[in-house]
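Residues per chain, in single letters:
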Amino acid sequence: MTAFSVRLTGTKYGCGGGGCGACTVMISTYEPTSKKIRHYSANACLLPICSLYGAAVTTVEGVGSTKTRIHPVQERLAKCHGSQCGFCSPGMVMSIYTLLRNNPEPTSEQMIAALAGKYCHFLICRCVLKPFSSGTLCILFSTDEFQPLDPTQELIFPPELMRMAENQPKRTLVFCGERMTWISPVSLDELLDLKAAHPKAPLVVGNTSVGPEMKFRGVFHPIVIAPARILDLNVVTHMDDGLTLGAACSLSLVKDILTNAISEFPEEKTKVFCAVLQQLRTLGGEQIRNVASLGGNIISRKSTSDLNPVLAASNCVLNLASKGRKRQIPLSDIFADGVGNNTITSEEILVSVHIPHSRKGEYVSAFRQAPRRENALPITNAGMRVLFEDGTDIIKDLSIFYGGAISTTICAKQTCWTLIGRHWNEQMLDEACRLLLQEIALPGSASGEKVDYKKTLIVSFFYRFFLEVLHLFLMILVVSFFNWNIQNLSFSNNSLLFQDPCHYPGVPMEYRSVLQDFQTKMPQSIQIYQDIDPSQSPQDPVGRPIMHQSGIMHATGEAVYVDDLPSVDGELFLAVVTSSRAHAKIVSIDTSEALQGPGVFDIITAHDVPATNEFYYSDDPEIIFARNKVICVGQIVCAVVADSDVHAKQAAAKVKIEYEVLEPVILTIEVQIEAIKHNSFFEPKRKLEQGNVDQAFETVDNIIEGEIHIGGQEHFYMETQSVLAVPKGEDKEMDVYVSTQHPAIIQEMVAASLGVPANRIMCHVKRVGGAFGGKLLKTGLLASVAAVAANKTSRAVRLILSRGDDMLITGGRHPFIGKYKVGFMNDGRIRAVDTKYYINAGCTPDESILVAEVSLLKMDNAYKIPNLRCWACACKTNLPSNAAFRGFGFPQSALVTETWITGVADKTGLSPEKIREINMYKENAQTHFKQKLDPQNLIRCWNECMEKSAYYSRKTAVIEFNKQNYWKKKGIAIVPMKFPFGLGTRYLSQAAALVHIYTDGSVLLTHGGIEMGQGIHTKMIQVASRELNIPMSRIHFCETSTRTVPNACASVGSAGTDVNGMAVKDACQTLLKRLQPIINKNPKGTWNDWIKEAFEQSVSLSATGYFRGYDENMDWEKGEGQPFTYFLYGAACSEVEINCLTGDHKNLRTDIVMDIGCSINPAVDIGQIEGAFVQGIGLYTMEELKYSPEGVLCTRGPDQYKIPAVCDIPEQFSVSLLSSSQNPYAIYASKGIGEAGLFLGCSVFFALRDAVTSVRNERGLKNTFSLNSPLTAEQIRASCADDFTEMVIGIGERCLKHIKVNIL
Ligand SMILES: Cc1cc2nc3c(=O)[nH]c(=O)nc-3n(C[C@H](O)[C@H](O)[C@H](O)COP(=O)(O)OP(=O)(O)OC[C@H]3O[C@@H](n4cnc5c(N)ncnc54)[C@H](O)[C@@H]3O)c2cc1C
Ligand code: FES
């Protein structure tokens, strides 16, 4: 299966831990007794190869290829513009393909489930979801073009495997590797013998628990036992009192079995099944559930198990066996000692699990709250069961278990015992909550472990259970009443149920909605753009929604990324050794043990760098290898090169570094503000000022002051940092294949580090699997590491960072603190603003000063503030250095702006949209640095967005909804945007292109831009096609290389198409000018005729094109300039619904109107807007980076760091491009669109704020409150203060309206 041995490189490696879905493949197995073939999707990264004996594995290459025929799934993904960088496309294809193999006509729920395990910062709803849905109106592609499925192209299950399964009796399989032995027995007795002989050997079924431990936590098992083929462990038995399921049953199978059972058995008997099913729906992604076993989930006893609390609460029984002994124990016994250690011995195995039927008068529920609604481990979960005395509301038995709270599932047994015999009423609820909080003691919050939130969830879940039971109970009561059975029922005098049930139809209406969990629905999306002028030539592709040039290659897995390149003879693999201290002197580096590791070739340190180890782009250096001291955890100290990736990593772990800790260790900017005495800044600090701020403050009606904290963001490009450095063997030449958005800087840094002229170093970039600003200087340092190693060893060296190392080493978006003071009149006019931004730059400057500058230049967003002062400083801390990131400071500073806008609204009592309108740029104006702007299109976007979103009528509907719902609230917000385009200075926007025409008429185009998902090559081919007046099919783009286009500027700042488009146009026009006399002479000739003639006339058929760049400047001394060339405008309206009990939320609808001039390719551009918007949702509402107090990044993979998934895309999502917008400054009147949409994600932040405000108003809480970004469920819950939060913190604001559970 490995890419290198069979050259099937379509399956991608994004995380290695089952968390991203990039490696999805289809597994097919044949069951000889039933003669059925089972297909299921699985994550290849966690599949032990030995577990695949007798199975067929289909990778994306097996689904379809350009060499044979592409599959309809691949065709639709590509033609419906469903891929951007393409790195995750094969995983998408495989999930949907497997779904269709099993269900040719899947429901939308099945489609959502299939895509739930896929993550990508390019997530776009139209592109990902629409292609597979039928009957949806979409104007970006025509379904008429799609080829029907040719059934003969489906791979059949290999007959030899079928024969093998039928003819070969099952026998024990033993696979012996270099270090491990895999034993797969076929009988229970054999398994028990093995377990007795090797009690420490794990039983591996899905490997989803053992695998990550071995890969990421250094656990090693010399022997592994695989029990999946033993029949006893796969039984499914229906018994009188319930179901018995084999421990090796996959969670998907359990889900199917329970779903069937629910439809077969009377409702009364299936309450446990329903509760378990509830957890299974969101447990992991489908690929995880398809392999993970029931037994594995129970036995691994992780505190985050979603099944243990509900199974334990439901009295499930475990059937255990060991050699010579079988026994049954209730699952709850395992957790009886409070640390989950009880009862099961190391020789025992779990054979099966008995899940009982529920009884009359018994109610069972399960709850979970996770950082993301689907495919995320829970923060806290719970299983609860109550049984009432017959015909009463008296508790006969109660069982409550929680997960996620401490290191194991925990039982609230004292609470349950105390409550037995009590009536199910408010007094019981009150006491239960207090008892629960006393009993479930959580450790302190030193590690930021959300302790208060977990405690709040503990009581909130119980309250929800209380309501649920009450609701069901009363429904039964009503039925009983009408059946005249009421005389048999007995209730306490103060029971809620005591009186005539006709007057008590259940839980109060306004409480009921909280009984429904948010469901993920298939997003409905609309894209609207202006069609091209009918007079435009049909051949001219500009303005048309052309498919991404590599779309088909993405979908077939044929698109080549750095790690897909074939190995070079003698190639070595490199693994980095990084600092484990935030600020320390390196006392010694001991490499002796590492050097003795198998396959180790050498260890590279700073001493091996022939020339430059430190690059001074400002006063402080960017460093390749730490030399004497380290300045952050994750700094590269040295690197191991070995004959394989595995050997290199094993040896890297054996390098011992001794440190002497240095003071101070500065990690956060809060500390930094206090620690100004350390003078820990990167210079210069920047300031802009207009008007007379101090004077204005004296004349205003009101002043507010506040601050907002905005967390950082991980780039989370799907392709991690990747380099292949290949020494050419002569004249110190080296080819560097690298995943970067700036090949010229890579060339410069590699050449400087090796001490050779740049003309010996050639950088090649075919495509990049996402970058978002993260593949600039950092990639230069990593490329230098690989190049130094290649130089020292004279071998090719491949460096592919693991996801964990990538996240640890490379930094991300700058965390931000914005402090503001705003003066305004009672009518909402803002007269004066004074703001300060502190940005956490990390340990080296990178581009932090530029980020600080841009944050100031763009801080006004859409507003004209007559008196304005703002300043920013980049704080130097001992964190990995932060870098450029889509939006470059604007998403942070404009969020601060929108926060004080909302603050002004709160204070004046006017609505936020009124304050926005009052202060918005309205006529030709100047910015705070005296650049002119015409805001006409800003107003148009705002008005159109208001209209398209039906803002006011929906706002009324939201208010109405909120009146009728107590525990669920909706919120709506509309936010405008002005996004200035420009790089601040001319030389940064220069560009060049090179166009060759070959004698057969085909054209090879190259330019300095990098394809990283934004479709730049597609657009450049469109430009060349228009200019040369030939079809796009005649034009090819091969790669970006420093060999063809020297000194190209970075592909950053949304500028790629603008500047390279100009250069391509220039080159094509030069060629056309040369051809013109020939064309004039033979106007009826064909392109080929003209080219042939030109060649024969010795006319050069190769031309360069050049664009000098935009005339941009900024004088920071004066605080004036023209740093931007033009402005993009936009507006977004979002509506959300929150669950006040858990803090969970759902994005209901978003309408975006965006002015991007005349789009060159609306499909690509709308994809950019959608993708950026969803990335913005991630930034503002969910992506949380967590560090230990020692400065170690804890969130180092998709399991800990959650980016948006399908469940986070607004259910209704519409993007409209503003019509009739012209831009005289950019190619074909277009506008650069890569970054702007991200900020609009904050409309969700403010919609959430609106919902929280509604909660607080209803409860009489003070209306000035601050919310930070990301606005996670934890923060939402804490802001919706009530008796539960008060119980938890013991202090705080008291809710005026106490929690009520009845309708009296
Ligand atoms: C990306 C990802 C997301 C996840 N999300 C969730 C989630 O949202 N909620 C959740 O609850 N879980 C989640 N999990 C955890 C997952 O559900 C468990 O890892 C899985 O159920 C374990 O089953 P397995 O067959 O893979 O176990 P394995 O890794 O094969 O084995 C796990 C352990 O169980 C023991 N074991 C297995 N079977 C037996 C047996 N029959 N008798 C005795 N011991 C046995 C093994 O010895 C081993 O120690 C997630 C995991 C991943 C990788
Ligand atoms: S690489 Fe396998 S799930 Fe991410």
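What you are looking at is a predicted structure, and each value in this text was computed from that prediction instead of being measured.

Colleague: What exactly am I supposed to notice about the overall build of the protein chain here?
Modeller: Along the protein chain, the regular secondary structure elements total 39 helices and 46 strands. Accessible surface computed for the protein chain: about 47,600 Å², of which carbon and sulfur atoms make up 52%. Positive and negative side-chain charges in the protein chain, numbering 125 and 134 respectively, have mean positions lying 1 Å apart.

Colleague: Which parts of the structure should I look at to understand the environment of Ile901?
Modeller: As for its placement among the helices and strands, Ile901 is situated in helix α29 (residues 890–908). Separated by 514 residues in sequence, Ile901 and Leu387 place their C-alpha atoms 52 Å apart. If we skip the residues at most four places from it in the chain, Ile901 touches Ile830, Tyr863, Pro912, Ile915 and Arg916.

Colleague: Help me understand the sheet that holds strand β36 (residues 968–981) in this model?
Modeller: Picture the strands of a sheet paired through backbone hydrogen bonds; they go either parallel or antiparallel. Judged by pairing direction, the sheet is mixed, and its 5 strands sit side by side in the order β16-β46-β45-β44-β36 without closing on themselves. If you trace the sheet from one side to the other, it starts and ends with β16 (524–528) and β36, each paired once. The mean inter-strand angle of the sheet, taken between neighbouring strand axes irrespective of direction, is 10 degrees. In the packing of helix α32 (residues 951–964) onto the sheet, the strands contacted are β36, β44 (1126–1139) and β45 (1145–1155), and the crossing angle to β36 comes to about 150 degrees.

Colleague: For this particular structure, what's the right way to read the side chain of Asn962?
Modeller: Residue placement: Asn962 occurs in helix α32. Non-local contacts of Asn962, meaning those with residues more than four positions away in its chain, are made with Lys968, Lys969, Lys970, Ser1254 and Glu1258.

Colleague: Sorry, what's going on with the nonpolar core here?
Modeller: The tendency in soluble globular proteins is for nonpolar side chains to be buried as a group. Tyr402, Trp424, Phe462, Ile830, Trp900, Trp967 and Met1154 are the most contacted members of the largest nonpolar core, which totals 202 residues. In terms of residues, this core owes the most to one element, helix α18 (residues 451–482), which gives 15 residues.

Colleague: Is there a simple way to explain the UniProt feature "binding site: substrate" (unreviewed entry) in the protein chain in this structure?
Modeller: Per the UniProt record, the feature "binding site: substrate" (unreviewed entry) sits at Phe888. Structurally, Phe888 is set in the loop between β33 (867–876) and α29. Each residue touching Phe888, except ones within four places of it in the same chain, is listed here: Arg813, Glu847, Leu850, Val851, Val854, Ser855 and Glu1235.

Colleague: Teacher, can you tell me more about the UniProt feature "binding site: [2Fe-2S] cluster 1" (unreviewed entry) in the protein chain here?
Modeller: The UniProt record marks Cys15, Cys20, Cys23 and Cys45 with the feature "binding site: [2Fe-2S] cluster 1" (unreviewed entry), using the residue numbering of this structure. The annotated residues occupy 31 residues of the chain but converge on a single region, no pair of C-alpha atoms lying more than 10.2 Å apart. Tracing the sequence through the fold places Cys15 in the loop between α1 (3–6) and β1 (24–31). Judged by its relative accessible area of 7%, Cys15 is buried. When sequence neighbours within four positions are dropped, the list of residues in contact with Cys15 reads Cys20, Phe216, Arg803 and Pro1198. Considering the arrangement of structural elements, one finds Cys20 in the loop between α1 and β1. Cys20 sits in the buried class, given a relative accessible area of 3%.

Colleague: Just checking my understanding: could you explain the side chain of Glu622 for this structure?
Modeller: Position of Glu622 among the secondary structure elements: in strand β21 (residues 622–623). It is Lys778 that comes nearest to the buried, bridge-free Glu622 among opposite-charge side chains, at 4.9 Å. Excluding its chain neighbours within four sequence positions, the residues that come into contact with Glu622 are Asn613, Glu614, Phe615, Tyr617, Leu777, Leu781, Thr844, Pro845, Asp846 and Ser881.

Colleague: Sorry, what's going on with the site of ligand 1 here?
Modeller: The full set close to ligand 1 counts 33 residues, and Val205, Gly206, Thr208, Ser293 and Asp306 are the nearest of them. At 2.8 Å from an oxygen atom of ligand 1 is found a main-chain nitrogen or oxygen belonging to Val210. Contact between ligand 1 and Thr304: an oxygen atom at 3.4 Å from a main-chain N or O atom of the residue. Taken together, the elements giving at least two residues each to the shell around ligand 1 come down to α13 (294–299) and β11 (349–356). A total of 4 residues in the shell around ligand 1 trace back to one element, the largest contributor, which is α13. Of the residues that constitute the shell around ligand 1, the class distribution is 17 nonpolar, 14 polar and 2 charged.

Colleague: Just to check I follow, could you spell out helix α35 (residues 1087–1096) for this structure?
Modeller: Spacing of three or four residues puts side chains on the same side of an α-helix, whose turn is 3.6 residues. Within the sequence span of α35, burial applies to Trp1087, Trp1090, Ile1091 and Ala1094. Burial along α35 is one-sided: seen end-on, the buried residues are contained in an arc of 100 degrees. Structural note: α35 exposes Lys1092 and Glu1096 on the side pointing more than 90 degrees away from its buried face. The secondary structure elements touched by the buried residues of α35 are β37 (991–997), β38 (1003–1007), α33 (1016–1028) and α34 (1056–1081). Looking one or two residues past α35, Ser1098 carries a phi angle of roughly 60 degrees, positive in sign.

Colleague: Help me understand the pattern of salt bridges in this model?
Modeller: Proximity of charged atoms lets side chains of opposite charge pair with each other. Enumeration over the complete set of coordinates arrives at 60 salt bridges. A salt bridge links Asp1144 to Arg373, with the shortest nitrogen-to-oxygen separation between them at 3.7 Å. Of the two residues, Asp1144 sits in the loop between β44 and β45 while Arg373 sits in the loop between β12 (362–369) and β13 (380–388), which places them 771 residues apart along the sequence. Between Asp608 and Lys792 there is a salt bridge, with its nearest N and O atoms 3.2 Å apart.

Colleague: Could you clarify how one ought to interpret the state of the cysteines in this entry?
Modeller: Two cysteines joined by a covalent bond between their sulfur atoms form a disulfide. Applying the stated criterion across every chain, the model contains 0 disulfides. Cys843 carries a free sulfur, and the closest cysteine sulfur to it, the one in Cys632, is 3.7 Å from it.

Colleague: Got a minute to help me understand the sheet that holds strand β10 (residues 325–330) in this structure?
Modeller: Pairing within the open sheet is antiparallel, and its 5 strands lie in the order β7-β8-β11-β9-β10. Strand pairing shows two members of the sheet lacking a second neighbour, β7 (236–239) and β10, which therefore form its edges. Each strand of the sheet is rotated relative to its neighbour by a mean of 20 degrees, with strand direction disregarded. Here 6 bridges tie strand β9 (residues 317–322) to β10, and the two strands are oriented antiparallel to one another. When the sheet's bridge partners are listed, Val317 is paired in β10 with Pro330.

Colleague: Quick question: what am I supposed to make of the environment of Asp846 here?
Modeller: The topology assignment puts Asp846 in the loop between β32 (830–842) and α28 (848–857). Judged by its relative accessible area of 13%, Asp846 falls in the buried class. Filtering out sequence-adjacent residues up to four positions away, Asp846 remains in contact with Glu622, Leu777, Lys778, Ser881, Asn882, Ala883 and Ala884.

Colleague: What is the right way to look at the packing of aromatic side chains in this model?
Modeller: Aromatic ring pairs are reported here in terms of the distance separating the ring centres and the angle at which the planes meet. Evaluation of the coordinates by the stated rule reveals 30 aromatic pairs. With a centroid separation of 6.0 Å and an interplanar angle of 70 degrees, the aromatic rings of Tyr511 and Trp967 are classed as edge-to-face. Within this pair, whereas Tyr511 is found in helix α19 (residues 509–512), its partner Trp967 is found in the loop between α32 and β36, the two being separated by 456 residues in sequence. There is no split in this pair, since Tyr511 and Trp967 are both buried. Through pairs of rings, three or more aromatic residues link up here, namely Tyr363, Phe388, Trp424, Phe462, Phe465 and Phe466. The ring of Tyr561 carries the charged tip of Arg767 above its face, separated from the ring centre by 5.8 Å.

Cut-offs applied
- Residues numbered from 1 in each chain as written.
- Chains lettered and ligands numbered in written order.
- Predicted model: local features only at pLDDT ≥ 70, side-chain atom pairs only at ≥ 80, totals over all residues.
- Heavy atoms only, no water.
- Helix = DSSP H or I, 4+ residues; strand = E, 2+ residues; numbered from the N terminus.
- Areas by Shrake-Rupley, 256 points an atom, 1.4 Å probe, with all protein chains shown as cover.
- Lys, Arg positive; Asp, Glu negative; His and termini not counted.
- Charge placed at Lys NZ, Arg CZ, Asp CG, Glu CD.
- Contact = heavy atoms within 4.5 Å.
- Pairing = 2+ DSSP bridges.
- Axes fitted to C-alpha atoms, helices over the stretch in contact; angles between N-to-C directions.
- Core = buried A, V, L, I, M, F, W, Y, C linked by side-chain atoms within 4.5 Å.
- Buried < 20%, exposed > 50% of the residue type's maximum accessible area, 1.4 Å probe, protein only.
- UniProt positions renumbered as here; feature names shortened; annotations may be inferred.
- Salt bridge = Lys/Arg side-chain N within 4 Å of Asp/Glu carboxyl O.
- Near = heavy atom within 4 Å.
- Polar contact = N/O pair within 3.5 Å; in protein donor to acceptor, adjacent residues only side chain to side chain.
- Nonpolar A, V, L, I, M, F, W, Y, C, P; charged D, E, K, R; others polar.
- Arc of directions from axis to C-beta.
- Disulfide = S-S within 2.5 Å.
- Phe/Tyr/Trp six-rings, centres within 6.5 Å; stacked < 30°, edge-to-face > 60°.
- Lys NZ or Arg CZ within 6 Å of the ring centre and 35° of its normal.

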